[in-house]
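# A structural walkthrough
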Amino acid sequence: MTGISALGKPRAGRGMTRRWRHRWAVLALAVITLIFLVPFFWVLSQSLEPTAEFSRNVPTLWPSHPTLGNYYTVLIRDSFSRSILSSFIVAAITTVITLVVGALAGYALSRLPIRGRGLVLGFVILAGFFPLTAMMGPLFDVMGHIGLLNTYLGLSIADLIYTVPLTTWLLASLFGQIPMEIEEAALVDGASRLGAVWRVIVPLAAPALVTAAIFSFLLVWNDFAFSLAFLQTANRFTAPLSIVMLSQTKYQVFYNLTDAGVLLTALPIFVLVLFAQRRIVSGLTTGALR
Amino acid sequence: MRPRPRHVFSRARRPKNALSVSAALVLAVALSACGSSGGSSGSQISASTKQTIVFATTGLGAEAQATAAEIKAFEKVHPNITVKVQQLASTSNDAYQQVVHYFEAGDAVPDVVDADTAWPASFARANWILPLSSDGISPGVLLPKARASGTYQGKLYAAMWYFNAEGLYYRTDLVKQPPKTPQQLVTDAESALKADPHLREGLALEGMKYEGFVTVFIDLMGAFGGGLNPAHFDTPGNLKALEFLHSLVYQYKVTPQAVAGWSEQNVQDAFVSGQAAFATNWPYLQSLVNAKGSAVIDKTGFVPFPSDNGAGVATVASDALVINAKSAHRAADVDFVKWMLNPGQQINRAVTSGDPPSVAAAYTSALFSKAPYFRADLNVFKAGVPRLVSPDYLQISTDVQNMLSSVLANQTAPAQALSQTAAELASLSK
Amino acid sequence: MTSTSTAIRRVTPSTPPRRWGRRSASGKRLGYVLVSPAVLVLLAITGFPLVYNIWNSFHYFDLLNPTSHRFVGLENYRQVFSNQTGLGPAIEHTIGYTAVSVPIEVGLGLGIALLLNRPIRGRGVARSLLLLPWAVPTVISATVWKTMLDPQTGGVDYVLSLLHLPGAHTTWLNTSSLLSWVAILFADTWQVVPFAAIILLAGLQGIPRELYEAATVDGAGAWRTFWRITLPLLRPALLVVLVFRTLSALMIFDIIYALTGSGPGTSTSTLAYVDWNSFLVNGNFGLGGAISVVMVAIALIVAAAYRLILRPKA
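Everything numeric here is computed off the predicted structure, so don't read it as measured data.

## Focus on the overall build of chain A
Counting secondary structure elements, chain A contains 11 helices and 0 strands. Scored against the burial criterion, the 290 residues of chain A give a buried share of 60%. For chain A, the accessible surface area stands at approximately 11,200 Å², while carbon and sulfur atoms represent 70% of it.

Below is the structure:
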């Protein structure tokens, strides 16, 4: 990026600044990442704390008797693994629907001559900002009437409200960055419109699609409001709902259990993103070799 | 490479599919708009038919165990009735949202609901729940304060499931005897702080902006001869209570500002770790102060919050059982509620989960021998002050919370805050 | 800078309608067909609630007092704009918070995105790690922050004491409006900056490397490159982030609910909080409906404003 010359050789004088700048950049990134992770460290520390230690009521960096008991409680006694699975199913369903719907719309909005593009895009985005509290009651009624309460499908459909607006707009923006000339070139070469799309646009759009997929997945993974409203039996609870439902009684909050749940919920995401972002990088390389 | 089939034939199909889905939803909308009167009490199922009733309740751990045991015993005695448990959120606001959704949608299910005692009055006014007394549940079995708490417009709508009142915990090693007046409490707290360097708080209380702060304040109002009466809120007694609260933090400094973020868990932590000399909290703490890991084993007592007139005060706020007006299993529901109020069941529950019984007949020597601290509890309960029974309670509570939070943060002076809130409350009850 | 500007002009996409010329009719038809699923899905989900709320906004509708249901015209809207239900301060707080938080969050996000865009070893891991704050549901992260902010046992207090920084043992929440807002901003930023960073990164990655190379050949410095090349080409992604962050900040609720409950007093109340209060505590669906409609209108205005200001130039 900045600082790499076409010749690949640092210029005299310039090279020194560039290397220093690079070092500062690495340092800055490391420090920033660490700062953002400090709360997770605290969460980890608390998650290893046995409930009896709460009553000592002093802040400690690390519990004096760390235990994995909380993880056991959460996973086995409270069947948290089932909640993770529920979250996964709902997120997967919603993400797939969102990618299809969002990619089509994003492509159309950025590259096809639709009249009223602004209006359509505006509506799509605004739909994502309708106050949730105002939606709960009516949606609950509708879900109840069409029999989708306490089902993964019902929850997935409701969660589309989180994902479709952002995905559509994100893809519309990112697809718009792909120059028209490439598509035109493919068409001139004799490909059908769809062939052009498949062979040329999709590989270039892959990083954008992966980004959109990650975001959709995350947004649904994080949902609490709809899960609370629509899910009624513990075997359907998604992870966030389980964490809240199972670590609080009327007067007591078991932070160690909450924190164990938080880490267990964040771990799949971390792994998912780690694998997915490699695809982003490889997609990038393909683009640069144009 | 073959073109993606998606584009080829679904171009024609997709609009139609989308249209039909949205048409279905529109239809559902139309149905829901005009058809929520479904489940009217037309056909009631008799108690002897085989049936399933749904019980919506909260509760984890020991409480859930106790509930499961009670249900199992119930199903044994009534083999034709199966009870299915629907899990409600454990946080009050979330549970309220869930319960309101069900009632508003006019569902016949859940049949029996475990409701916070603040809710039934508004449910009763909305005709969402049934009066229990007409169905053979005798109000007389409940403790007097429990009865009062569940009565709206002369009828019993909510049967308190277990008794719960907020009193004062104190350290027996730091004070010879519990304080008899609020001023004595302050003096005791000050001397305790001087005597024991490990103490951080003289009096730990729940000062977060939520209902728990209101229950503490109801204790304080009662201590000075005031009370939560929305039509008449700006009274000398209430002013003294509010000024007392303010002075705890800013004048006597026996309560830290940090309580502005405290709920029961924080107060519990402060007291059980030995850092607080006094604490306002609920009976559930009794089983925890003497548990393993506690720093105050056998050093605590539980009394009503001291009041000027010596009688003591303890805000009553608990869970109660209500029956869905649209339920088709009314007879079975009544049997279920009666079962939960059965003294034997209440004792079992008390011993397993620590929930004190709400039924007078359950306070027997059998109970006391299994858990002696219930004697102290009963003493506190006698000084019980039920929260205001009003359909507008949640709004009233919010206005009071705003006032308390503002005074605790030293944003508004007590007198001004009180008169402002009194005006708000008066306009509510119009 | 000539070769750079030529390079930019070459790769900036032209406005679509021109390119489909002859085939505009079929292009348009295809376009409508392709957007219809997204539009219909969203319409299906929000349609009924929107209509329901608009309908309610013209009525007095107390959920728990069904007999008092009646038509009241614009009365609810009058209440919204007349500072009666504490809405005046709530609106001020909301706008103020948005004005402060969005620049900070987007600025930080951009900074991080620029860092992540460099060929640093292990940036993939860094990217995954940085997304973690966003992987925690807001409701729960707010609760975690609440415990972290406890003046006696919280992590924030621990770190501040350890480093002997000012601010140890402060009660951040509910004793001072300013400190409460700072705490809210901190918790919100922590969770949201990764989102901004990743989207901006995706935008940055779409900028062709040859532009930077051309700029280097032309002798442009880092700042010039950033200003003349990066920022303009980042406009689409920047627009996405700005609009989403602004609208999210205007609708902020979960963090406030968990951290302060709109306290101390009502000094951290926001529009969404008052909306929630109307629905859930007061059961006032009429006023709640009116507030919701007003919130949608505000969102509309904000989105339109951004689009006007940041419309990508042809």
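Moving on from the coordinates now.
## Focus on the overall build of chain C
From N to C terminus, chain C includes 15 helices and 2 strands. Principal-axis analysis of the C-alpha atoms gives chain C an extent of 70 × 65 × 30 Å. Burial statistics for chain C: of 314 residues in total, 61% are counted as buried. In chain C, of all internal contacts separated by at least 6 residues, the share reaching a separation of at least 24 is 67%. Roughly 12,400 Å² of accessible area belongs to chain C as shown, and the carbon and sulfur atoms make up 67% of that amount. Measuring between centres, the 23 positive side-chain charges of chain C sit 21 Å from its 12 negative side-chain charges.

## Some details on a nonpolar patch on the surface
A surface patch of nonpolar side chains, amounting to about 560 Å² of accessible area, comprises Trp20(A), Trp24(A), Leu27(A), Val31(A) and Ile35(A). With respect to the helices and strands, Ile35(A) occurs in helix H1 (residues 14–47).

## As for the confidence of the model for chain C
Parts of the model with low pLDDT should not have their predicted coordinates read in detail. Residue and element names in this part refer to chain C. Averaged over every residue, the pLDDT of chain C is 85; the share at 70 or more is 90%. In this model residues 10–22 is a low-confidence stretch, pLDDT under 50, and it forms 27 contacts with partners more than four residues away in sequence or in other chains. Across the whole predicted complex the pTM is 0.88, and at the interface the ipTM reaches 0.86.

## Overview of the packing of aromatic side chains
Taken as a whole, this structure holds 47 aromatic pairs over all chains when the rule is applied. Pairing Tyr169(B) with Phe271(B) gives two aromatic rings, centres 5.9 Å apart and planes at 55 degrees, and the pair type is tilted. Here Tyr169(B) is found in strand S7 (residues 165–171), whereas its partner Phe271(B) is found in helix H9 (residues 264–272), with 102 residues between them in sequence. The pair formed by Tyr169(B) and Phe271(B) is uniform in burial state, with each residue classed as buried. Three or more aromatic residues joined by ring pairs form one cluster here, namely Phe55(B), Phe74(B), Trp161(B), Tyr162(B), Phe336(B) and Trp339(B). Lying across the ring of Tyr152(A), Arg236(A) places its NZ or CZ 5.4 Å from the centre. Above the plane of the ring of Tyr60(C) lies Arg70(C), whose end atom (NZ or CZ) is 4.7 Å from the centre.

## What about helix H2 (residues 69–77) of chain A?
All names here are of chain A. Buried residues of H2: Asn 70, Tyr 71, Thr 73 and Val 74, and no others. For H2, the arc enclosing every buried residue in end-on projection is 160 degrees, short of the 170-degree limit, so these residues lie on one face. In H2, those exposed residues whose orientation departs by more than 90 degrees from the buried face are Tyr 72, Ile 76 and Arg 77.

## Here's the deal with the nonpolar core
In this structure, Phe230(A), Phe123(B), Phe217(B), Phe233(B) and Val400(B) are the most contacted members of the largest nonpolar core, which totals 326 residues. In terms of residues, this core owes the most to one element, helix H9 (residues 177–205) of chain C, which gives 16 residues. Once residues within four sequence positions are removed from consideration, Phe217(B) is found in contact with Phe233(B), Asn238(B), Ala241(B), Leu242(B), Val400(B), Met403(B) and Leu404(B).

## Observations regarding the sheet that holds strand S2 (residues 81–87) of chain B
All names here are of chain B. A sheet is described by the order of its strands in space; here 5 strands give the open sequence S2-S1-S3-S12-S6, paired in mixed fashion. If you trace the sheet from one side to the other, it starts and ends with S2 and strand S6 (159–162), each paired once. Ignoring strand direction, the axes of neighbouring strands in this sheet form an average angle of 30 degrees. Examined bridge by bridge, strand S3 (residues 112–116) and strand S12 (residues 319–323) share 5 bridges and lie antiparallel to one another. Bridged to Asp 116 within S12 is Asp 319. Where helix H2 (residues 61–77) meets the sheet, its contacts fall on strand S1 (51–57), S2 and S6, and the angle it forms with S2 comes to roughly 160 degrees.

## Some details on helix H14 (residues 271–281) of chain C
All names here are of chain C. A large share of H14 lies buried, amounting to 11 of its 11 residues. Regarding H14, the residues found buried are Leu 271, Ala 272, Tyr 273, Val 274, Asp 275, Trp 276, Asn 277, Ser 278, Phe 279, Leu 280 and Val 281. Looking at the residues trailing H14, positive phi occurs at Gly 283, about 65 degrees.

## Section: the pairing of S3(B)
Residues and elements named next belong to chain B. The element S3 is extensively covered by neighbouring structure, given that 5 of its 5 residues are classed as buried. The alternating pattern of S3 places Val 112, Asp 114 and Asp 116 and Val 113 and Ala 115 on opposite faces, both of which are buried. As defined by bridge partners, S1 adjoins S3 across 2 bridges and the pair is classed as parallel. Paired with Phe 55 across the bridge in S3 is Val 112.

## Re the interface of chain C and chain A
Contact with chain C, which involves 100 residues of that partner, is made by 101 residues of chain A. Summing both partners gives a buried area of about 9,600 Å² for chain C against chain A, and 78% of it is carried by carbon and sulfur. Between the two partners, chain C and chain A, sit 0 salt bridges. There are 4 residue pairs in polar contact (both at pLDDT 80 or more) connecting chain C and chain A. Ranked by the residues each element gives to the side of chain C that touches chain A, the list is headed by helix H3 (residues 24–57) of chain C, at 22 residues. Considering only residue class, the side of chain C that touches chain A consists of 67 nonpolar, 24 polar and 9 charged.

## Let's talk about the environment of Gln346(B)
All names here are of chain B. Examined against the element boundaries, Gln 346 turns out to sit in helix H12 (residues 343–353). C-alpha of Gln 346 to C-alpha of Glu 70: the two residues are 276 residues apart in sequence and 9.0 Å apart in space. Excluding its chain neighbours within four sequence positions, the residues that come into contact with Gln 346 are Trp 161, Met 340, Leu 341, Pro 357, Ser 358, Val 359 and Ala 362. A polar contact is formed between the side chain of Gln 346 and the backbone oxygen of Trp 161, at a distance of 2.9 Å. Engagement of the side chain of Gln 346 in a polar contact is seen with the backbone oxygen of Met 340, the distance being 2.9 Å.

## Structural notes on the pattern of salt bridges
On inspection of all chains with the given rule, the structure shows 12 salt bridges over all chains. Put simply, Asp319(B) and Lys250(A) hold a salt bridge, and the shortest N to O gap is 2.9 Å. Taken together, the residues Asp319(B) in strand S12 and Lys250(A) in the loop between helix H10 (239–246) and helix H11 (255–288) connect one chain to another. According to the relative accessible area criterion, Asp319(B) is buried, its value standing at 7%. Taking the shortest distance from any N to any O, the salt bridge between Arg245(C) and Asp188(C) comes out at 3.5 Å. Of the two residues, Arg245(C) is situated in helix H12 (residues 235–250) and Asp188(C) in helix H9; the sequence distance between them amounts to 57 residues. Neither residue differs from the other here; Arg245(C) and Asp188(C) are each classed as buried. Salt bridges sharing partners connect three or more residues here, namely Glu70(B), Arg349(B) and Asp355(B).

## Some thoughts on unusual backbone geometry
The peptide bond linking Val109(B) to Pro110(B) adopts the cis configuration, its omega dihedral lying at 5 degrees. Pro264(C) follows Gly263(C) through a cis peptide bond whose omega is -5 degrees. Assignment of secondary structure puts Pro264(C) in the loop between helix H13 (254–259) and H14. Of note, the phi angle at Asn150(A) is positive, near 60 degrees, even though the residue is not glycine. Here Asn150(A) shows up in the loop between helix H5 (132–145) and helix H6 (152–176).

## Quick word on the packing of H6(A) against H12(C)
Across the interface, H6(A) lies against H12(C) with an axial gap of 9 Å and an inter-helix angle of 160 degrees. By the angle between their directions, the pair H6(A) and H12(C) is classed as roughly antiparallel. Read as a crossing pair, H6(A) and H12(C) show a hand that is right-handed. In contact with Pro165(A), Leu166(A), Trp169(A), Leu170(A) and Ser173(A) of H6(A), H12(C) contributes Pro236(C), Leu239(C), Val240(C), Val243(C) and Phe244(C). Looking at the contact of H6(A) with H12(C), its residues break down into 9 nonpolar, 1 polar and no charged.

Reading the values: the criteria
Residues numbered from 1 in each chain as written. Chains lettered and ligands numbered in written order. Predicted model: local features only at pLDDT ≥ 70, side-chain atom pairs only at ≥ 80, totals over all residues. Heavy atoms only, no water. Helix = DSSP H or I, 4+ residues; strand = E, 2+ residues; numbered from the N terminus. Buried < 20%, exposed > 50% of the residue type's maximum accessible area, 1.4 Å probe, protein only. Areas by Shrake-Rupley, 256 points an atom, 1.4 Å probe, with all protein chains shown as cover. Contact = heavy atoms within 4.5 Å. Lys, Arg positive; Asp, Glu negative; His and termini not counted. Charge placed at Lys NZ, Arg CZ, Asp CG, Glu CD. Patch = residues over 30% accessible without salt bridge, like charges linked within 9 Å, V, L, I, M, F, W, Y side chains within 5 Å. Salt bridge = Lys/Arg side-chain N within 4 Å of Asp/Glu carboxyl O. pLDDT = per-residue confidence, 0-100. Phe/Tyr/Trp six-rings, centres within 6.5 Å; stacked < 30°, edge-to-face > 60°. Lys NZ or Arg CZ within 6 Å of the ring centre and 35° of its normal. Arc of directions from axis to C-beta. Core = buried A, V, L, I, M, F, W, Y, C linked by side-chain atoms within 4.5 Å. Pairing = 2+ DSSP bridges. Axes fitted to C-alpha atoms, helices over the stretch in contact; angles between N-to-C directions. Buried area = accessible area lost by both parts, 1.4 Å probe. Polar contact = N/O pair within 3.5 Å; in protein donor to acceptor, adjacent residues only side chain to side chain. Nonpolar A, V, L, I, M, F, W, Y, C, P; charged D, E, K, R; others polar. Parallel < 35°, antiparallel > 145°, perpendicular 65-115°, else oblique. Left-handed = near helix turned anticlockwise from the far one by under 90°.

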